[in-house]
Amino acid sequence: MSVTAQPRARTSRSYTDRTLKLLWGRAAGRCAMPECRIELFAESTAYDPVVVIGEIAHVAGAADAGPRAAPEVATAQRNDYENLILLCQNCHARIDSQTGFYSVAKLKDIKQAHEAWVRACLPERGRSTTGWTALALRGDHPLDLGTAAEALTPDFILGRPQLLQVPTDAADWQALDENITIAARQLLAGEDTFDRRIAVFPLAPVSACISLGYHLTSRPHVRLFQYHRDDSSWTWPRRLAPARDIVVSGLDGNPRRCRAVTFAFHYSAAITGDVLIEAAAPLDFRVDFRVPQPSTSWLQHPDQLTWAALEARRAFEAAMQLASDAAEWHLFFAGPAPLAVAIGQQLNPAMYPAAQLYEYRHKGSPKYKPSIRLGP
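This is a predicted model, so every value here is computed, not measured.

K.L.:
What exactly am I supposed to notice about the environment of Leu305 here?
P.N.:
Its location among the elements puts Leu305 in helix 8 (residues 302-322). If near-sequence neighbours (up to four positions away) are discounted, Leu305 is found in contact with Leu224, Trp236, Leu299, Pro338 and Leu339.

K.L.:
Is there a simple way to think about the pairing of strand 9 (residues 221-224) in this case?
P.N.:
For a regular strand, side chains alternate in direction, first toward one face of the sheet and then toward the other. Residue alternation in strand 9 divides its side chains into a buried set, Val222 and Leu224, and an unburied set, His221 and Arg223. Sheet topology note: the strand 8 (residues 197-203)/strand 9 ladder contains 4 bridges and is parallel. Counted as the bridge partner of Ile198 is Val222 from strand 9. The parallel pair strand 8 and strand 9, bridged by helix 6 (residues 206-216), forms a crossover whose chirality is right-handed.

K.L.:
I keep staring at the confidence of the model for the protein chain and nothing clicks. Help me out?
P.N.:
Note that predicted coordinates carrying low pLDDT should not be read in detail. The predicted model of the protein chain has a mean per-residue pLDDT of 88, with 94% of residues at 70 or higher. Counting interchain partners and residues more than four positions distant, the pLDDT-below-50 stretch residues 1-11 has 15 contacts.

K.L.:
Whenever I open this one, a nonpolar patch on the surface confuses me. Can you help?
P.N.:
A grouping of Phe41, Val50 and Val52 is seen on the molecular surface, where their side chains present a nonpolar patch of about 240 Å² in accessible area. Along the chain, Phe41 turns up in strand 1 (residues 41-42).

K.L.:
Any chance you could explain the side chain of Gln356 here in plain terms?
P.N.:
Along the polypeptide, Gln356 turns up in strand 14 (residues 354-360). Take Gln356: its relative accessible area is 10%, and that puts it in the buried class. Within the local environment of Gln356, its side chain forms a polar contact with the backbone oxygen of Ile372, the two atoms lying 3.4 Å apart.

About the criteria used
Residues numbered from 1 in each chain as written. Predicted model: local features only at pLDDT ≥ 70, side-chain atom pairs only at ≥ 80, totals over all residues. Heavy atoms only, no water. Helix = DSSP H or I, 4+ residues; strand = E, 2+ residues; numbered from the N terminus. Contact = heavy atoms within 4.5 Å. Buried < 20%, exposed > 50% of the residue type's maximum accessible area, 1.4 Å probe, protein only. Pairing = 2+ DSSP bridges. Right-handed = clockwise from strand over helix to strand, strands pointing away. pLDDT = per-residue confidence, 0-100. Patch = residues over 30% accessible without salt bridge, like charges linked within 9 Å, V, L, I, M, F, W, Y side chains within 5 Å. Areas by Shrake-Rupley, 256 points an atom, 1.4 Å probe, with all protein chains shown as cover. Salt bridge = Lys/Arg side-chain N within 4 Å of Asp/Glu carboxyl O. Polar contact = N/O pair within 3.5 Å; in protein donor to acceptor, adjacent residues only side chain to side chain.

Structure (structure tokens):
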């Protein structure tokens, strides 16, 4: 079924200086959509100036015939700050094409939540009053947290980081998942989950990382950090975000009947077809996430985590539509530990089937062995 985007009606739009300052300032120059939040400027190059890629969208329609039209709202009020939301071009097109989902009330909630996120996460007057609970997920190798506090600057860690030890080749993966469940509940206990701020420093098997993200859920505000071995640091390198290079395949076509869906994430290395066959993965419905050159050095910027998590969420939602009869999902992951946590956060236990995880083994056969089973 093809869906045609609803054309935007032409209107005269005039915004006061005060309105523009409030809109861009309170949004911190970022897209208001929680799964996006991309910076709305493309940095200058040796040949080109800075490009503004942000767009001002109307909550209630700017035109009587436009998306979310509200003829009862006076024309002059439609261009007020209260009726505007700052978005990137992609998210703007999405909300104007999916008006059934993105209602006026929902967009107001999204705008309010984004501005609250900006106030909570960005420092005021050069200093931060925001404390974070820190969790270190450690495998068999030593874990240096010497630069963890520096990575959070200007925010800070509340107390000492909590340490959760995870064996590289667990004898009982399901028992390990229960330990992770307990740790996640302790992190989320005692107050509103949405108000929790958790900084995760993972250097552990990917099954444990996916499990942690799954049990933390997407409700708390979670910041993820990558250990950069060359610099012996948890601090993200100060560089521009690289190109958005993730390609998802396998979601084309019509709905189909199948017992399972297999997801393969190729970020640090390619997962070959013979490896999946060796692991007895169901391949009737297979979804792949690829980058042009999989490498252990692929992850260099936190925006890459945001993009990859968004692609996973969209793919999971699409798989539910295309394979609604599937009783289970199978996840094969070759990628960095913080991304595994972010992928786990996208697995909604209330909406999706049980997810069988697989852990890579350097020795032995098969290369991928079933590990943790998440969900019912």
